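Listed below, chain by chain, are the residues.
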Amino acid sequence: FVLDSLRARERAVALGKQACARGDVQFLDDTVQCVRTRFARNDEGRLALRRHYRFEFSETGNNRRLGSIVMLGTRLESLDMEPYATNP
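Residues numbered from 1 in each chain as written. Predicted model: local features only at pLDDT ≥ 70, side-chain atom pairs only at ≥ 80, totals over all residues. Heavy atoms only, no water.

Participant: An account of the packing of aromatic side chains is requested, with residue identities and associated values reported.
Facilitator: Any two aromatic rings considered together are summarised by their centre-to-centre distance and by the angle between their planes. Applying the stated criterion across every chain, the model contains 3 aromatic pairs. On the basis of an interplanar angle of 40° and a centroid distance of 5.6 Å, the ring pair of F27 and F55 is categorised as tilted. Here F27, found in strand β1 (residues 26-27), pairs with F55, found in strand β3 (residues 47-58); they are 28 residues apart in sequence, far enough to count as distant. (Phe/Tyr/Trp six-rings, centres within 6.5 Å; stacked < 30°, edge-to-face > 60°. Helix = DSSP H or I, 4+ residues; strand = E, 2+ residues; numbered from the N terminus.)

Set out below in C-alpha cells:
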C-alpha cells in the first residue's frame, strides 16, 4: 500500500508539473496533497484506489490558484485547473 501510494503521488506530481508547463504557469511548492482516497472499479472491473490530489499554481507569482488531479491506481482520470489569465 505504501509503495503504491508513493508511486501514485510521484505520478500526480509529474502530471501537475506537465500541465503547468503546458499552461505556462508555475507549479507551486513542488508537491501535491492527497485529499481523498476511495475504492473504485477500473476498466477491467477490478478494485483499485481512486485518489484525489490538490496542487497550487500561479500565473503571476503573486497569487495561488488550485488544481486537482484524480488518479485511479496510477492512471490519470482527470486533471482540472482553476481558470487563469493568459498572456497573449
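Additional details are given in the paragraphs that follow.
Participant: Kindly report on the pairing of strand β4 (residues 65-72), identifying the contributing residues and their values.
Facilitator: Regular strands show a simple pattern: their side chains alternate between the two faces of the sheet. Relative to β4, β3 runs antiparallel, the two being bridged by 8 bridges. Counterpart to R54 in the pairing with β4 is S68. Hairpin connection, β3 to β4: the antiparallel pair is bridged by 6 residues, and G61 has positive phi, about 90°. Sheet analysis places β4 next to strand β5 (residues 75-81), joined by 6 bridges and oriented antiparallel. By the bridge assignment for β5, V70 is matched with S78. What sits between β4 and β5 in their antiparallel hairpin is a turn of 2 residues, with G73 showing a positive phi close to 70°. (Pairing = 2+ DSSP bridges.)

Participant: So what's going on with the environment of F57? Which residues, and what values?
Facilitator: Structurally, F57 can be placed in strand β3. In this structure F57 touches C20, V25, Q26, L28, N63, R64, R65, L66, G67, M81, E82 and Y84, once residues within four positions along its chain are discounted. (Contact = heavy atoms within 4.5 Å.)

Participant: How would you summarise the pairing of β3 if you had to cite specific residues and measurements?
Facilitator: Where β1 lies against β3, 2 bridges are found, and the strand directions are antiparallel. Opposite Q26, over in β3, you have S58 as the bridge partner. Taken together, the 8 bridges between strand β2 (residues 33-41) and β3 define a ladder with antiparallel strand orientation. What sits directly across from Q33, in β3, is R54. Here β2 hands over to β3 after 5 residues, with G45 in that stretch at a positive phi of 85°.

Participant: Let's hear about the pattern of salt bridges: which residues, and what values?
Facilitator: One pass over the full model with this rule turns up 7 salt bridges. Here R51 makes a salt bridge to D4, at a shortest N to O gap of 3.1 Å. With R51 in strand β3 and D4 in helix α1 (residues 2-22), this residue pair connects regions lying 47 residues apart in the sequence. Of the residues examined, R51 reaches a relative accessible area of 2% and is grouped as buried. Among the residues examined, D4 registers a relative accessible area of 28% and is labelled partly exposed. Here R64 ties to E56 by a salt bridge, and the two come within 2.3 Å at their closest N and O atoms. Judged by its relative accessible area of 49%, R64 is partly exposed. E56 gets classed as partly exposed once you look at its relative accessible area, which sits at 26%. A network of salt bridges, in which partner residues are shared, links D29, E56 and R64. (Salt bridge = Lys/Arg side-chain N within 4 Å of Asp/Glu carboxyl O. Buried < 20%, exposed > 50% of the residue type's maximum accessible area, 1.4 Å probe, protein only.)

On their own, these measurements won't tell you what the molecule is for.
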